[in-house]
Amino acid sequence: MCKRLLIISLITLFISNNIFGQKITGNIIDSETKKPLPFVNIIYGKSNLGTTSNIDGDFTIESDIPVNKLYVSYLGYYTDTINLNSYVTAEKLKIKLKPKTYNLEEVVILPGNNPANRIINKVVESRDANNPEKMNSFSCTSYNKMIFTLGKDTTNIPDSIKYKKSKLEKELENHHLLVLETINEKEFIQPDKYNEKIVASKVSGFNDPIFSLIASQVQSFSFYNDYFEIFDKMYLNPISKGSTKKYFFLLEDTLYNEKNDTIFIISYRPRKGKNFDGLKGFLHINTNKYAIQSVVAEPMERDQGIIVEIQQNYEYIDNKQWFPKELITNIVFVDAIASSGVDNYDMVAKGRSYISDIDLNPELNKKDFNRVELKVLEDANKKPDEFWQNKRTQPLSEIEIETYRVIDSISKAENLEKKLSGLEAFMNGNIPVKCFNLPLNKLMDYNSYEGYRLGLGIMTNDKISRHFSVGGYFGYGFKDKAWKYGGDLIINLHEDSESKIHFSYLNDVIEKSGYSFFETTDLTTTEIYRKYMIENMDLIEKYQVSFSFLSLQYLKTKIFYNQSYITATDDYTYGSTLANSTSKFIFNEIGLQFRYAYNEKFLETLKAKYTLGTDYPIFYGNIIKGTNLLDGEFEYTKYEAKISKTFKTKTLGKTSLAVAGGLIDGEVPISKMYNGHGSYQSFSIEAENSFGTMRMGEFYADKFLSIFFKHDFGNFLINTEKFSPKFAVVNNFGIGELTSKLNHNSSKPIRSFEKGYYECGLLINNILNQSFLGYGFGLFYRYGPYSYLKTADNFSYKLSLTIGL
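Values in this document were obtained by computation on a predicted structure and should not be read as measured data.

**Q** Please set out the overall build of the protein residue by residue, giving values where relevant.
**A** Within the protein one finds seven helices and 45 strands. The burial tally for the protein puts 48% of its 805 residues in the buried class. Restricting to contacts in the protein with at least 6 residues of sequence separation, those with at least 24 account for 63%. Working note: accessible area of the protein is about 41,000 Å², and carbon and sulfur atoms make up 55% of it.

Spelled out as structure tokens, the structure:
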């Protein structure tokens, strides 16, 4: 009797676990590409219960009722029915879906209200409550992995022709080009403060963890803001306010889960005739708080040979908050690698991020948050294999293990680590040569006064000491036929506060009546091209010592003292009479410069710090006191200020505004005044924040105000697959007064522009593009009190050269 009871008990236990507690697992892939398919809809049971696959195509179903069939559907693929009775086991199923020709634009619009719009409007209403970046705080850990491999589009090759793989393709069958992994610890606190640390980094072939920045920085962390960032470009979010007027939404399917939630699958794309930087893809919307459960998105238009797709999967954490759990980034760099054959190869990057250790609204210390939003820790690249085995969400595949072995050996043989270090230094404007850096701007330069200038600069780098740098430079201008030279000693006092003392000497040339602020060169702005057009320069010999530091988190300050000997290179002289006038002047100055950029964010590697910008205005200021101490000949005070801001609108592009002004209290020669900041030549490169129709040295002032306005419409006006120019309008205004024209002697008239200087312009950027460079054309027109009688003289023609880094 006991034996019988035992058998019945075992049978009952078996039934309860295998029928009434059935577990089904599997993986869903594309039948042709063999790639895993994320967020596939899987329906089971009589009540149409459903689930979705994760970012790796994996799914798990645990059901209390028997499941005999699975109905598998996915946007752009044929629906498949899986009969579980034909399988020996319902675990580790391999489901292959066949793709079909699917075009989001081929839809039938029925009369009446679009039900998808109603759902999207509810999502928009609830987005602040569901947005993790609207919480008081959170913390989490992410494991990030990205592989780089080779790709080649063979879809257009007829089946009758057997495709023969190249030698390179065969070599890469067993390993990738690159594998990188990171462990990131992320903290967030209001308002919009991140403290993220890369605590571990592992890159095939490289010890330097700079590559680790790629894995987690390609896409925005949350899909709830008005704009979504993909590969450093902003796109209008389909769940932003008013999105139903810009996007077309289509309800594709409806699922139900065991929690009695409804999941709506909605596809989206920009409406026809709406030109803006938009996305296409589909959303899974859960009626629990009308939150995003998953999203697939890619730019509607390909951006300069780059194809990007992102995917995000969310989970409802602690029954309180929807939170990202899995992120996918796929990037294709079209024709990135040259081939000896007819076609080139695509570079393909595939990224995965798995988020864990989620803590909602933890108590965080505000002192731990500063300007550095992302930092690579010094020991990030020193973690042992045991550490990685415990942190990986799944073991490395055989091909990934082989990648580490092969690329590590190639890197050692080709000395790739040293080349990477040189590339990073090059990005910062230097060519490293052992323990020295050669500044690029000292090797070759150009302006209209010196013509081409060749030379050499040399500074010690961190291999000698991180605490100081010393060096010098020389150069020769082929137009003015003169040598220039100088030297620098920089002492780094404190790294976190960026405190340093800088001793410098130069015997060089400087723009006559120019002004500058405490700012670094930004290669993405066209303002850098103005220096090539400068025609009026003075000789200068200058000794200076300065102390710079960071305070109040966002305020950079420099205090300086200098003595300079300036000589005019034209026939200008200064003096009450011709008899006592001179073209040589001695100035002694004590000054203060500052730059305030609230909420400016940075990412920091082991060797450098890179700005991520700020959404707030940036303020610059100079206060300079001229003194007659130590042979100084002039007493005066200069007050100078500048403010710049870029405004983004949802569909009309972005507006850039810069306002600069200066005032001199005291009598000084023109060398210390302000020129009009023109950038005119008969045909030249457009330089923003300058007057494109104003002749060089045309106007001078001892007090001035300039306003530079530019609105870039982007692709709003014309946006086709093969032709996508970007239109921008410019309107600039300046006014300047010369308080006293006495004591200034020159054969050229010295004019001010107190009546107001006006110009407008039209730029057509990106008519042609090559990689990150865009070429276009601009036309500027001068009008108002200082316009010329001859209409043609008021026009200025510009080459537009934009850099999209």
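**Q** I'd like to hear about the side chain of Asn-131, residue by residue, with values.
**A** Within the fold, Asn-131 resides in the loop between α2 (115-130) and β8 (137-151). Asn-131 gets classed as buried once you look at its relative accessible area, which sits at 1%. A polar contact is formed between the side chain of Asn-131 and the side chain of Ser-222, at a distance of 3.0 Å.

**Q** Describe the side chain of Ser-684, and please don't skip the residues or the numbers.
**A** Here Ser-684 lies in strand β38 (residues 683-685). A relative accessible area of 6% means that Ser-684 is categorised as buried. A distance of 3.0 Å separates a polar atom in the side chain of Ser-684 from a polar atom in the side chain of Lys-798. If near-sequence neighbours (up to four positions away) are discounted, Ser-684 is found in contact with Met-533, Ser-679, Tyr-797, Lys-798 and Leu-799.

**Q** Summarise the packing of aromatic side chains; cite the residues concerned and give the values.
**A** On inspection of all chains with the given rule, the structure shows 46 aromatic pairs. Ring centres 5.4 Å apart and planes at 45° place the aromatic pair Tyr-74 and Tyr-77 in the tilted group. Every member of this aromatic cluster is reached through a ring pair, and the members are Tyr-572, Tyr-574, Phe-585, Phe-587, Phe-634 and Tyr-636. One Lys or Arg, Lys-202, reaches over the ring of Tyr-404 and ends 4.9 Å from the middle of that ring. Above the face of the Phe-387 ring, Lys-383 is positioned so that its terminal group lies 5.8 Å from the ring centre.

**Q** Got a sec to walk through α2? Specific residues and values, please.
**A** Helix length check: α2 (16 residues) gives 21 Å between terminal C-alpha atoms against 22 Å at 1.5 Å per residue, within 8%. Remark: the principal bend of α2, roughly 35°, maps to Val-124. Ala-116, Asn-117, Ile-119, Ile-120, Val-123, Val-124, Ser-126, Arg-127 and Asn-130 are the residues of α2 that are buried. Between the side-chain oxygen of the N-cap and the backbone nitrogen of Ala-116 there are 3.0 Å, and the N-cap of α2 in question is Asn-114.

**Q** If you had to explain the nonpolar core to someone new, which residues and values would you point to?
**A** Grouped together as the largest cluster of nonpolar side chains are 40 residues, with contacts concentrated most on Phe-223, Ile-266, Tyr-268, Leu-279, Leu-283, Ile-285 and Ile-292. Broken down by element, this core gets its largest block of residues, five residues, from α2. Residues Val-67, Leu-70, Tyr-354 and Leu-396 belong to the second largest nonpolar core, which totals 39 residues.

**Q** Residue-level account of the pattern of salt bridges, with values.
**A** The full count for this structure, using the stated rule, is 30 salt bridges. Asp-226 is the partner of Arg-127 in a salt bridge, and the nearest nitrogen-oxygen pair spans 2.7 Å. Of the two residues, Arg-127 sits in helix α2 while Asp-226 sits in the loop between α4 (212-215) and β11 (227-230), which places them 99 residues apart along the sequence. Note on Arg-127: relative accessible area 9%, which makes it buried. Lys-484 is the partner of Glu-450 in a salt bridge, and the nearest nitrogen-oxygen pair spans 2.8 Å. Of the two residues, Glu-450 is situated in the loop between β23 (444-447) and β24 (451-460) and Lys-484 in strand β26 (residues 482-494); the sequence distance between them amounts to 34 residues. The exposure class of Glu-450 is buried, given its relative accessible area of 3%. The class for Lys-484 is buried, based on a relative accessible area of 2%. Salt bridges here are not isolated pairs; linked through shared partners, they connect Glu-450, Arg-453, Asp-480, Lys-484 and Asp-508.

**Q** Tell me about the environment of Ile-803, and name the residues and values.
**A** Considering the arrangement of structural elements, one finds Ile-803 in strand β45 (residues 795-803). With relative accessibility at 25%, the residue Ile-803 sits in the partly exposed group. Separated by 29 residues in sequence, Ile-803 and Gly-774 have C-alpha atoms that sit 6.4 Å apart.

**Q** Any chance you could break down unusual backbone geometry for me, citing the residues and the numbers?
**A** Cis geometry marks the peptide bond from Gln-190 to Pro-191; its omega dihedral reads 0°. Looking at the element boundaries, Pro-191 is found in the loop between β9 (178-189) and β10 (193-203). Phi at Leu-552 is positive, roughly 55°, even though this residue is not glycine. Mapped onto the elements of the fold, Leu-552 is located in the loop between β28 (537-551) and β29 (555-568).

**Q** Lay out the confidence of the model for the protein in plain terms, naming residues and giving numbers.
**A** Summing up the model confidence of the protein, the mean pLDDT is 85 and the portion of residues at 70 or higher is 86%. Counted against residues more than four places away or in other chains, residues 102-107, with its pLDDT under 50, gives 15 contacts. Throughout residues 154-158 the model reports pLDDT below 50, and contacts reaching past four residues in sequence, or to other chains, amount to two contacts.

**Q** Tell me about the environment of Val-730, and please be specific about residues and values.
**A** Here Val-730 is to be found in strand β41 (residues 726-737). For Val-730 and Phe-709, which are 21 residues apart along the polypeptide, the C-alpha to C-alpha distance reads 5.7 Å. Sequence-distant contacts of Val-730, defined by excluding residues within four places in its chain, comprise Phe-709, Lys-710, Glu-759, Cys-760, Gly-761, Leu-763 and Phe-780.

**Q** Describe the pairing of strand β6 (residues 80-83), and please don't skip the residues or the numbers.
**A** A regular strand places its side chains on the two faces of the sheet in alternate fashion. With four bridges connecting them, strand β5 (residues 69-73) and β6 associate as antiparallel partners. Looking at β6, one finds that Tyr-71 is bridged to Thr-81. Taking the residues between adjacent antiparallel strands as the criterion, β5 and β6 are bridged by six residues, where Gly-76 takes a positive phi near 90°.

Definitions and limits used
- Residues numbered from 1 in each chain as written.
- Predicted model: local features only at pLDDT ≥ 70, side-chain atom pairs only at ≥ 80, totals over all residues.
- Heavy atoms only, no water.
- Helix = DSSP H or I, 4+ residues; strand = E, 2+ residues; numbered from the N terminus.
- Buried < 20%, exposed > 50% of the residue type's maximum accessible area, 1.4 Å probe, protein only.
- Contact = heavy atoms within 4.5 Å.
- Areas by Shrake-Rupley, 256 points an atom, 1.4 Å probe, with all protein chains shown as cover.
- Polar contact = N/O pair within 3.5 Å; in protein donor to acceptor, adjacent residues only side chain to side chain.
- Phe/Tyr/Trp six-rings, centres within 6.5 Å; stacked < 30°, edge-to-face > 60°.
- Lys NZ or Arg CZ within 6 Å of the ring centre and 35° of its normal.
- Expected span 1.5 Å × (residues − 1).
- Bend = angle between axes of the 7 residues up to and from the residue.
- Core = buried A, V, L, I, M, F, W, Y, C linked by side-chain atoms within 4.5 Å.
- Salt bridge = Lys/Arg side-chain N within 4 Å of Asp/Glu carboxyl O.
- pLDDT = per-residue confidence, 0-100.
- Pairing = 2+ DSSP bridges.

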